[in-house]
Amino acid sequence: MKTTFKTLFHELEDDVIGIEESTVCENTGVSSEAVKRNVMAHLGLHKKRKTFGKTFRMTLIAAVLSAALIIGTTVIGANGGMELLKEFFTGMVSSSDLYHGGNVEVATSDPNLQVELLAVTGDQNNFYAVIRAEKKDGTAFTDEGYLYSDHITSPYIGVVCCDQAGKYYPRVNDNTVKKCRLSDDRKTLYLFLSLDLSSLAFKNYPDIGNGIMTVKCDTIGFMKIKEKLAVYDRIDVEVHDEFLKTAEEKNLKDWTWLETPEGIVFCTVEKKEYAIPFEMTFSMKHNTDNTIHQTLSMDSAPHFIKSTAENVRMEISPFNIRISCDGKRSSNQESPIEDIWYLSDLCFERVAPDNSQIILDDGTAYYFEVIPWGNTEYQNPDEEGVFDVHVELKLRYTSIPNPTYIIDDVVVDTSRIKQIILNGDTIYKK
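An account of the accompanying structure is given in this report. (Residues numbered from 1 in each chain as written. Predicted model: local features only at pLDDT ≥ 70, side-chain atom pairs only at ≥ 80, totals over all residues. Heavy atoms only, no water.)

## Observations regarding the overall build of the protein chain
Counting its secondary structure elements, the protein chain contains 4 helices and 23 strands. Going through the 430 residues of the protein chain one by one, you find that 52% of them count as buried. When contacts within the protein chain are restricted to residue pairs at least 6 apart in sequence, those whose partners lie at least 24 apart make up 73%. Carbon and sulfur atoms form 46% of the exposed surface of the protein chain, whose accessible area is close to 20,000 Å². (Helix = DSSP H or I, 4+ residues; strand = E, 2+ residues; numbered from the N terminus. Buried < 20%, exposed > 50% of the residue type's maximum accessible area, 1.4 Å probe, protein only. Contact = heavy atoms within 4.5 Å. Areas by Shrake-Rupley, 256 points an atom, 1.4 Å probe, with all protein chains shown as cover.)

## Quick notes on the nonpolar core
Nonpolar side chains tend toward joint burial in soluble globular proteins. Ranked by size, the top nonpolar core spans 38 residues in total, and within it I131, M213, F278 and F282 carry the most contacts. Sorting the residues of this core by element identifies β5 (113-122), β6 (126-135), β8 (157-162), β10 (176-182), β11 (188-196), β12 (212-232) and β14 (263-283) as the ones contributing at least two each. (Core = buried A, V, L, I, M, F, W, Y, C linked by side-chain atoms within 4.5 Å.)

## Some words on the state of the cysteines
Summed over all chains, the structure comprises 1 disulfide. Of all cysteine sulfurs in the structure, the one in C161 sits closest to C162, which takes part in no disulfide; the separation is 7.6 Å. Cysteine C180 remains unbridged, with the sulfur of C217 as its closest cysteine sulfur at 6.8 Å. Under the relative-accessibility criterion, C180 is labelled buried at 10%. (Disulfide = S-S within 2.5 Å.)

## Examining the pairing of β10
Burial runs high along β10: 5 of the 7 residues are buried. Pairing of β10 with β11, which is carried by 7 bridges, proceeds in the antiparallel orientation. The residue of β11 that forms the bridge with V177 is S194. A loop of 5 residues connects β10 with β11, the two strands running antiparallel in sequence, and R186 in this loop sits at a positive phi of about 65 degrees. (Pairing = 2+ DSSP bridges.)

## Notes on the pattern of salt bridges
Pairing of side chains with opposite charge becomes possible as their charged atoms draw close. A complete count under the given rule lists 15 salt bridges for this structure. Two residues, E270 and K224, come together in a salt bridge whose shortest N-O distance is 3.8 Å. Here K224 lies in strand β12 and E270 lies in strand β14, a separation of 46 residues in the sequence. Looking at E270, the relative accessible area reads 32%, which means it is partly exposed. On the accessibility criterion, K224 (25% relative accessible area) is partly exposed. Put simply, R396 and D409 hold a salt bridge, and the shortest N to O gap is 3.1 Å. Taken together, the residues R396 in strand β20 (residues 386-398) and D409 in strand β21 (residues 409-411) connect sequence positions 13 residues apart. Residue D409 is classed as buried on the basis of its relative accessible area of 9%. (Salt bridge = Lys/Arg side-chain N within 4 Å of Asp/Glu carboxyl O.)

## A word on the packing of aromatic side chains
Going through the model one piece at a time under the given rule, you end up with 11 aromatic pairs. Between Y128 and F319, the aromatic rings sit 4.9 Å apart at their centres with planes inclined by 35 degrees, giving tilted as the arrangement. With Y128 in strand β6 and F319 in the loop between β16 (310-316) and β17 (320-330), this residue pair connects regions lying 191 residues apart in the sequence. On the basis of relative accessibility, which here comes to 4%, the residue Y128 falls in the buried class. The exposure class assigned to F319 is buried, which follows from its relative accessible area of 4%. Grouped by ring-pair contacts, the aromatic residues Y232, F243, W255 and F266 constitute a single cluster. (Phe/Tyr/Trp six-rings, centres within 6.5 Å; stacked < 30°, edge-to-face > 60°.)

## A word on the side chain of T142
Turning to its location among the elements, T142 is positioned in the loop between β6 and β7 (148-150). Excluding residues within four positions of it along the chain, T142 makes contact with L182, R186, F222 and Y274.

## Comments concerning the environment of P401
Within the element layout of this structure, P401 appears in the loop between β20 and β21. Here P401 falls in the partly exposed class, since its relative accessible area comes to 24%. Along the sequence, P401 and Y367 sit 34 residues apart, while their C-alpha atoms lie 5.1 Å from each other. Excluding residues within four positions of it along the chain, P401 makes contact with P353, D354 and Y367.

## Some remarks on the side chain of S198
Mapped onto the elements, S198 comes out in the loop between β11 and β12. Among the residues examined, S198 registers a relative accessible area of 18% and is labelled buried. In terms of polar contacts, S198 uses its side chain to reach the side chain of D196, at 2.7 Å. Among the polar contacts listed, one links the side chain of S198 to the side chain of R322, at a separation of 2.6 Å. Beyond its immediate stretch of four places on either side in the chain, S198 contacts N125, R322, W373 and E392. (Polar contact = N/O pair within 3.5 Å; in protein donor to acceptor, adjacent residues only side chain to side chain.)

## Focus on the environment of F278
You can see F278 is positioned in strand β14. Taking the C-alpha atoms as reference points, F278 and V106, separated by 172 residues in sequence, lie 7.1 Å from one another.

## Details of helix α4 (residues 237-249)
With 13 residues, α4 should cover 18 Å at 1.5 Å per step; its first-to-last C-alpha distance of 18 Å lies within 8% of that length. Residues of α4 that are buried: V239, F243 and A247. Along the long axis of α4, the arc covered by the buried residues comes to 70 degrees, so they all point the same way. Along α4, exposed side chains directed more than 90 degrees from the buried face belong to E238, K245, E248 and E249. Lining the buried residues of α4 we find β12 and β14. Phi turns positive one or two residues past the end of α4, at N251, with a value near 60 degrees. (Expected span 1.5 Å × (residues − 1). Arc of directions from axis to C-beta.)

Here it is, written out as structure tokens:
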């Protein structure tokens, strides 16, 4: 069965195996029969193939609601509500509304497993969902010491999305960030899902934020530390390169690094997989929109914006900053690859990590992880061979400058932003 799952996900990119008809889910609005038929048809499967066994019912309710599931996109009270998502989000989060996922269905073959959707949140460009699982008898998910999620040996978490009419969005699974985290006592498992709805993968699906998501989990791999090799208080390029030299000198090959309460531990590990079978379907509907819109120019950001940039626009959301511009490039332009940082070098100077910050009213400051991308229109050059270029920079908020790995997604209250600085230029000020 594992081989089948792996093959399906590899070949179809973002497919989830449907649940067997007799596995009963509490129906809260999404048509379970329609969803199961569509998922199975999308995979070319038939109902006679049984994925789950014993039939039973589960209470399907977002953990932050106390009584009954409310249909629709009702907002969960943000004050304190975000505490339930603190395993993955940090910072000031009062401007990020939480939604309970509307119509939620859960099925599992393990009667001892309790799975809940904590909440969904996001804005027009970002979507996040956090799922929590526990065992009803209070036992741990893993053996002693196996605390750390292993993404390499856990290929059996799949995500598929369809619109309200049941039409599937392709490439969702490959473009979904999936993070697993266990509580210190190993009794609570959190699964974090993140989609960048503005990415090229979803360029032609503007309504994906109103879709229906299905998450299928079979097994999850976890690791325990076998031998500690080095411990750091952070992970960045310098730290990674420093340890890489040490590893080469000592001929260390089978090593990795883990985020632990002690710090960032470079180590060798032992790996083991655990069956955590469930399938969850819920609504992606969310409408958090506390975004600040502003235009920029060379006058307002002379150390960041180049003279070649046109129509520079900035969106400041609780989750990140996006700066876009239009430009032009010659089809016969030949530049060394190191001079073109993706396409953003055509419009922007490179962001200086130590001289770029977002500062809040209370003095809290965050740095940025810079994620560039661009689009080109090769098919429509003018008579001189010049074609249009659209460039966008995504700046994710981070606690350290220029990180190589994001541990937590920082959320800011946009109403409490005092100042934003890029390359020493104040591009936004309250």
